[in-house]
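Listed here are the chains, written in short residue letters.
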There are 2 protein chains.
Amino acid sequence: MTINLKELSAKLGLSQTTVSRALNGYPEVSQSTRDRVAQAAARYGYRPNPRAKGLAVGRAFAIGHVIQSDGPTEIVNPIFGDFIAGAGAAYSQAGYEMVLSVVSDGDEAATYKALKARGAVDGVVLSGPLVTDPRIPLLQDIGLPFVVHGQTLDQVPDYDWVDVDNFEAFRSATTHLIDLGHRRIALINGHETMTFAHLRREGYLHSLEAAGIAPDPALMFSSDMTEEIGFRSCLKMLDADQPPTAFVVSSMISALGVRRAIEGRGLTMGRDISVVIHDDALSYLQNGSDRPIFTATRSSVRDAGREVADMLIRRIEDPTLPPQHLLLSAALVQGGSSGPALA
Amino acid sequence: MTINLKELSAKLGLSQTTVSRALNGYPEVSQSTRDRVAQAAARYGYRPNPRAKGLAVGRAFAIGHVIQSDGPTEIVNPIFGDFIAGAGAAYSQAGYEMVLSVVSDGDEAATYKALKARGAVDGVVLSGPLVTDPRIPLLQDIGLPFVVHGQTLDQVPDYDWVDVDNFEAFRSATTHLIDLGHRRIALINGHETMTFAHLRREGYLHSLEAAGIAPDPALMFSSDMTEEIGFRSCLKMLDADQPPTAFVVSSMISALGVRRAIEGRGLTMGRDISVVIHDDALSYLQNGSDRPIFTATRSSVRDAGREVADMLIRRIEDPTLPPQHLLLSAALVQGGSSGPALA
DNA sequence: AGACCTTCCGCAACCGCTTTGGAACGATGA
DNA sequence: TCATCGTTCCAAAGCGGTTGCGGAAGGTCT
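Residues numbered from 1 in each chain as written. Chains lettered and ligands numbered in written order. Predicted model: local features only at pLDDT ≥ 70, side-chain atom pairs only at ≥ 80, totals over all residues. Heavy atoms only, no water.

1. Quick word on the sheet that holds strand β3 (residues 123-127) of chain B
Taken in spatial order, the 12 strands make up an open sheet running β11(A)-β5(A)-β4(A)-β3(A)-β1(A)-β2(A)-β2(B)-β1(B)-β3(B)-β4(B)-β5(B)-β11(B), and their pairing is mixed. The open sheet is flanked by β11 (325-328) of chain A together with β11 (325-328) of chain B, the only strands paired with a single partner. Sheet twist, expressed as the average angle between the axes of neighbouring strands with direction ignored, equals 20°. For β3 of chain B and strand β4 (residues 146-149) of chain B, the ladder comprises four bridges, and the chain directions are parallel. Across the sheet, the residue bridging to valine 125 of chain B is valine 147 of chain B, located in β4 of chain B. (Pairing = 2+ DSSP bridges. Helix = DSSP H or I, 4+ residues; strand = E, 2+ residues; numbered from the N terminus. Axes fitted to C-alpha atoms, helices over the stretch in contact; angles between N-to-C directions.)

2. As for the relation of the copies chain B and chain A
One copy of the chain maps onto the second through a rotation around an axis plus a translation along that axis. Structural alignment of chain B on chain A gives an RMSD of 0.3 Å, achieved by rotating through 180° and translating 0.2 Å along the axis. Such a combination of turn and shift is consistent with a two-fold rotation axis. Considering only C-alpha atoms, the residue of chain B closest to the rotation axis is valine 99 of chain B, which sits at 2.1 Å. Looking at chain B, 100% of its interface residues are interface residues in chain A too, so the copies touch through the same face. (Least-squares fit on C-alpha atoms with pLDDT ≥ 70 in both. Contact = heavy atoms within 4.5 Å.)

3. Details of the interface of chain B and chain A
If you look at the interface, chain B gives 53 residues, while chain A gives 54 residues. Regarding the contact of chain B and chain A, the summed buried area is about 4600 Å², with carbon and sulfur atoms giving 59% of it. Of all residues in chain B, Arg51, Arg118 and Tyr284 of chain B bury the most surface against chain A, accounting for 17% of the area lost on that side. Applying the counting criterion to the chain B and chain A interface returns two salt bridges. Our enumeration of links across chain B and chain A arrives at seven residue pairs in polar contact (both at pLDDT 80 or more). Elements represented by at least two residues in the side of chain B that touches chain A include exactly α4 (50-57), α5 (80-94), β2 (97-103), α6 (108-117), α10 (227-238) and α11 (252-264) of chain B. Top contributing element to the side of chain B that touches chain A by residue count: α5 of chain B, with eight residues. Broken down by class, the residue content of the side of chain B that touches chain A amounts to 24 nonpolar, 13 polar and 16 charged. (Buried area = accessible area lost by both parts, 1.4 Å probe. Salt bridge = Lys/Arg side-chain N within 4 Å of Asp/Glu carboxyl O. Polar contact = N/O pair within 3.5 Å; in protein donor to acceptor, adjacent residues only side chain to side chain. Nonpolar A, V, L, I, M, F, W, Y, C, P; charged D, E, K, R; others polar.)

4. Brief notes about the side chain of glutamine 151 of chain A
Inspection of the secondary structure puts glutamine 151 of chain A in the loop between β4 (146-149) and β5 (161-164). Here the side chain of glutamine 151 of chain A touches aspartate 163 of chain A through a polar contact of 2.9 Å, side chain to side chain.

5. Remarks on the protein's contact with DNA strand D
Near DNA strand D lie 28 residues; those nearest to it are Leu5, Ser20 and Tyr26 of chain A together with Ser15 and Arg21 of chain B. Leucine 5 of chain A has a polar backbone atom sitting 2.7 Å from a phosphate oxygen of DNA strand D. Looking at the surface near DNA strand D, the elements with two or more residues in it are α2 (16-23) and α4 (50-57) of chain A together with α2 (16-23) and α4 of chain B. Sorting elements by how many residues they give to the surface near DNA strand D places α4 of chain A first, with five residues. Of the residues contributing to the surface near DNA strand D, the split by class is 11 nonpolar, 12 polar and five charged. (Near = heavy atom within 4 Å.)

6. A word on the domain arrangement of chain A
In terms of domain boundaries, chain A breaks down into domain 1 (5-57), domain 2 (62-163 + 302-328) and domain 3 (166-300). Averaged C-alpha coordinates put domain 1 of chain A and domain 3 of chain A at centres separated by 57 Å. (Domains from an automatic or database assignment.)

7. Looking at the sheet that holds strand β7 (residues 220-222) of chain B
Residues and elements named next belong to chain B. Spatially, β7-β6-β8-β9-β10-β12 is the arrangement adopted by the six strands of the open sheet, whose pairing is mixed. Two strands lie at the open edges of the sheet, namely β7 and β12 (331-333), each paired on one side alone. Taken over all neighbouring pairs, the strand axes of this sheet differ in orientation by 15° on average, direction set aside. Pairing of strand β6 (residues 185-189) with β7 involves three bridges; the strand directions are parallel. Bridging from a neighbouring strand, asparagine 189 pairs with serine 222 of β7. Seen against the sheet, α10 touches β6, β7 and β8 (246-249) and runs at an angle of roughly 155° to β6. In the packing of α11 onto the sheet, the strands contacted are β6, β8 and β9 (274-279), and the crossing angle to β9 comes to about 165°.

8. Looking at the packing of aromatic side chains
The description of an aromatic ring pair rests on the distance of the ring centres and on the angle between the ring planes. Inspection of every chain in the model, using the stated rule, returns six aromatic pairs over all chains. Measuring from centroid to centroid gives 6.3 Å for tyrosine 284 of chain A and tyrosine 284 of chain B, while their planes differ by 45°, and the two rings are tilted. Within this pair, whereas tyrosine 284 of chain A is found in the loop between β9 (274-279) and β10 (295-298), its partner tyrosine 284 of chain B is found in the loop between β9 and β10 (295-298), the two belonging to separate chains. One residue, arginine 260 of chain B, lies across the ring of phenylalanine 231 of chain B, its end atom 3.7 Å from the ring centre. (Phe/Tyr/Trp six-rings, centres within 6.5 Å; stacked < 30°, edge-to-face > 60°. Lys NZ or Arg CZ within 6 Å of the ring centre and 35° of its normal.)

9. Some thoughts on the protein's contact with DNA strand C
Taken together, 29 residues lie near DNA strand C, and Thr18 and Arg21 of chain A together with Leu5, Arg21 and Tyr26 of chain B sit nearest. For DNA strand C, the backbone makes up 63% of the atoms found within 4 Å of the protein, where backbone means sugar plus phosphate. Take arginine 21 of chain A: an N or O atom from its side chain is 2.4 Å from a base oxygen of DNA strand C. Between DNA strand C and the protein, one listed contact pairs a phosphate oxygen with a side-chain N or O atom of threonine 33 of chain A at 2.9 Å.

10. Let's talk about the environment of proline 217 of chain B
Mapping proline 217 of chain B onto the fold places it in the loop between α9 (195-210) and β7. Here the alpha-carbon distance between proline 217 of chain B and alanine 186 of chain B, two residues 31 residues apart in the chain, equals 9.2 Å.

11. What about the pairing of strand β2 (residues 97-103) of chain A?
Of all seven residues that make up β2 of chain A, seven are buried, and the element is covered over most of its length. Residues Glu97, Val99, Ser101 and Val103 of chain A point to one face of β2 of chain A and Met98, Leu100 and Val102 of chain A to the other, with burial holding for every one of them. Summarising the sheet, strand β1 (residues 62-68) of chain A and β2 of chain A pair through seven bridges and their orientation is parallel. The residue of β2 of chain A that forms the bridge with isoleucine 63 of chain A is methionine 98 of chain A. Note: β2 of chain A against β2 of chain B, three bridges, orientation antiparallel. When the sheet's bridge partners are listed, leucine 100 of chain A is paired in β2 of chain B with methionine 98 of chain B. (Buried < 20%, exposed > 50% of the residue type's maximum accessible area, 1.4 Å probe, protein only.)

12. Considerations on the pattern of salt bridges
As enumerated under the stated definition, the model contains 32 salt bridges over all chains in all. In this structure, arginine 265 of chain A and aspartate 239 of chain A form a salt bridge, with 2.8 Å as the shortest nitrogen-oxygen distance. Here the residue arginine 265 of chain A occupies a position in the loop between α11 (252-264) and β9, and aspartate 239 of chain A occupies one in the loop between α10 (227-238) and β8 (246-249), the gap between them amounting to 26 residues. Look at aspartate 239 of chain A and you get partly exposed, because its relative accessible area is 46%. Aspartate 310 of chain B serves as the salt-bridge partner of arginine 306 of chain B, at 3.8 Å between the closest nitrogen and oxygen. Of this pair, arginine 306 of chain B and aspartate 310 of chain B both sit in helix α12 (residues 301-317), four residues apart, which is roughly one turn of that helix. Here arginine 306 of chain B falls in the partly exposed class, since its relative accessible area comes to 29%. For aspartate 310 of chain B, a relative accessible area of 23% puts it in the partly exposed group. Counted as one network, the salt bridges with shared partners bring together Glu227, Glu228, Arg232 and Arg260 of chain A together with Arg259 of chain B.

Here it is, written out as structure tokens:
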């Protein structure tokens, strides 16, 4: 179908060796032949077969993403699409393929081992790290390069990561509400075994503490970040004896449920009840186009995907690199969902 | 790292040929040898290198998904994650890898050609088909097996597809509202260049016509299916001279905006205004867990992903198969968002 | 002029697997 | 006894690239 190296070199009257070297930038090729080769390659649309190339050089030119999917009920991370879109752009630009493995929960370790063993990928990206996550020592152990989207908190040897500053984001979100006069501020969070959620709670607590407000366990909730759960947990708090006057919510999707609950109780968001969310800037769920609907700490997960991918590529192409870290900050943008506490 | 065929056959005192044949189920191997080989393979954890295998047999054991992403603003399809999760399960079960290509809009044709040319994949799945979609003749032309998630409406040669019965879904959704006494029923749809949206409108129109209701262009809207756009289009209709009393909405996400608009005007969904949506059963955006929030025509996009993948694998493994079609039906489930029209 | 580099290029082996075309061997049938 | 036939296995040739090593041509230095 397509032209291969042998045919291309035949057309040029050169050996495969020379053509290969010219294409791959080896020095022992004269500039003139290099140009000729490049032109011919372009004209005939020559593309090296990645399998053959991979076989020869022992690399895959592919990067793995493992997505968990525990049975039909398990929720797919809603940020997945945007994250992938960001990462994918970086990969194709750098000449890598992206291979996805969906794996049922328990098999994740086995999957990594298999990916490594078969040489199917040159590296993987790890998503949704837990506060202490066994996958990280595992990957370090089997020697498969990786970058984490997020962090762990325990003392494993250093590793590459990209993360948003979740602590600071939620500290500032909470402080924003305190500055508006709120004292009873609820937190509707994701599972706090996951580091991002853990850090968000820490930021929240830190802010309360700095303001001399005692945290109330009845105002803290953590679970899946779905609309439904946001709705229920919010409703429950609103109906309690001492309802909160403000909410800090970990995701746009939970927040939709929170809004539904607030309005369902005949209250108005931004007036009766304030809400600040974290906004991953999902493309299909934007926080308003002109004025933000929700006051939010915003950080594009798509950009994060791109950063993760670039970092991993650097890691693969130079394994001796020192550990790389990137802490993205999430700026607080004022939207319509937060206002002064009522007297 | 891992054991390879040569080493395995050395350990067994057999030739690579025999071991390969034993493993691949060729007949010219005695049962006893076959068993010995199988056991040894299991014990040493032998896994054939897919690159080498692919090189030898000219297949990739991989399936491509192409996702469009036109610049940083373009929205990623929110159903993407669930669809992929469904498909991925089928692939891994059948021993295929899933490779994703993120591609900017114009390059899609080039991407398919490149995938085919490099033999990077054995087939691709096509998403979001247009009413008349050039990608289909293109793929037929270059001879890359494919399955479409959705359909086109023009007369290209037959091809494999999996789709939900969009016409019937929206016909029944609209009829449901008519039966409740509604006469002014709005449609908030996706882009009608896309077949699914086109068919939904047809179903909607068919139902109106059957009830002798003249369609009103002011009540039909089609655009991106985002929360924001759902909100705005709904608001505009509600504020018009003759507002609708009911909405049929193409996606859960638009519907969130529709709900926001309705409640923003001090109306109550299910009482003042009825809403029926199409629910893709996204895992992170479920339509209530016990009683559905929205009355909806429901069809799991995750199941669709699985069906698409299975169909494509069948196609790849037997190219002579006659065209395969699967029309999934979307049942109407009654939820809290629809009720009798007010007098 | 001869020794010695450079520069530029090609031969051939190799990556790990499949598969074609026999070879060896015991059993069978005439 | 000998040709025939299944059965069981192997050697070697690819698949499409990369790369170690060697060699020819031309230039530089005594």
